[in-house]
Amino acid sequence: MKGIGDESGGMHVTCTLYGPLRDAVGDKRLEREVSSDATVGDVFDDLGEEYPEIRDLVFDGDEFSGSISVMRNGRNVAFEDGIETPVEDGDDLSASPPAEGG
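Worth saying up front: this structure is predicted, and the values here are computed from it rather than measured. The numbers attached to residues start from 1 for each chain and follow its sequence in the written order. Local features are withheld for residues below a pLDDT of 70 in this predicted model, meaning they are given only at 70 or higher, and side-chain atom pairs are given and counted only at 80 or more; totals for whole chains, interfaces and linings count all residues. To obtain the side-chain values, all non-hydrogen atoms of the structure were used and water was disregarded.

Colleague: Which parts of the structure should I look at to understand the side chain of Thr85?
Modeller: Here a helix means four or more residues in a row that DSSP labels H or I, a strand means two or more in a row labelled E, and each is numbered from the N terminus. With respect to the secondary-structure elements, Thr85 resides in the loop between β6 (75-76) and β7 (92-96). Within the local environment of Thr85, its side chain forms a polar contact with the backbone nitrogen of Asp81, the two atoms lying 3.0 Å apart. Polar contact is defined as a pair of N or O atoms within 3.5 Å, subject to the rule that within protein one atom must be able to donate a hydrogen and the other to accept it, and that residues adjacent in sequence are counted only when both atoms are side-chain atoms.

Right under this line is the structure:
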């Protein structure tokens, strides 16, 4: 995965975490600087290095887990390029378990 925190051409993204992801991190929102060629998968991979519990919740092998919804600016990345969806400066990334209820 590409380097997050690379100062050359860096961008700023916000990660909003819900449910067990928020519990694993201890905070709902995280601000991150990412390289200009980072993907959504790169951002969550780096979060997984900092917070190992996240890795098991977000990833299933080399893809996002089917039990977590990963969004970029309110759009599920499954409808874009999945783990390879590029991020842009100012993006809001979020991850949450599927909504339940009725």
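From this point, the narrative continues.
Colleague: Can you walk me through the nonpolar core in this structure?
Modeller: Nonpolar side chains in soluble globular proteins tend to end up buried together. By nonpolar core is meant a set of buried Ala, Val, Leu, Ile, Met, Phe, Trp, Tyr and Cys residues that side-chain atoms within 4.5 Å join together. Residue exposure (1.4 Å probe, protein chains only): buried if accessible area is under 20% of the type maximum, exposed if over 50%, otherwise partly exposed. If you look at the biggest cluster of nonpolar residues, it comprises 26 residues, and the most contacted ones within it are Leu17, Val40, Phe44, Ile54, Phe64, Val70 and Val87. Taken together, the elements giving at least two residues each to this core come down to β1 (11-17), α1 (19-25), β2 (29-34), α2 (40-50), α3 (52-58) and β7.

Colleague: Help me out: how do you make sense of unusual backbone geometry in this one?
Modeller: Where the residue is not glycine, phi is negative for most of them; where a peptide bond is considered, it is trans in most cases. In this structure, Asn73 takes a positive phi of about 55° despite not being glycine. Checked against the element boundaries, Asn73 lands in the loop between β5 (69-72) and β6. Using a relative accessible area of 42% as the deciding quantity, one classes Asn73 as partly exposed.

Colleague: Could you clarify how one ought to interpret the environment of Glu53 in this entry?
Modeller: The topology assignment puts Glu53 in helix α3. Between the C-alpha atoms of Glu53 and Leu21, which are 32 residues apart in sequence, the distance is 8.0 Å.

Colleague: What is the right way to look at the pattern of salt bridges in this model?
Modeller: Two side chains that carry opposite charge are able to pair once their charged atoms sit near each other. We count a salt bridge whenever a side-chain nitrogen from Lys or Arg sits within 4 Å of a carboxyl oxygen from Asp or Glu. One pass over the full model with this rule turns up 6 salt bridges. For Arg32, the salt bridge identified is with Glu50, shortest N-O distance 2.8 Å. Of the two residues, Arg32 is situated in strand β2 and Glu50 in helix α2; the sequence distance between them amounts to 18 residues. Judged by its relative accessible area of 46%, Glu50 falls in the partly exposed class. When the shortest N-O distance is used, the salt bridge between Asp91 and Arg72 registers 3.0 Å. Of this pair, Asp91 sits in the loop between β6 and β7 while Arg72 sits in strand β5, placing them 19 residues apart in sequence. Comparing Asp91 with Arg72, the two get one shared label, buried.

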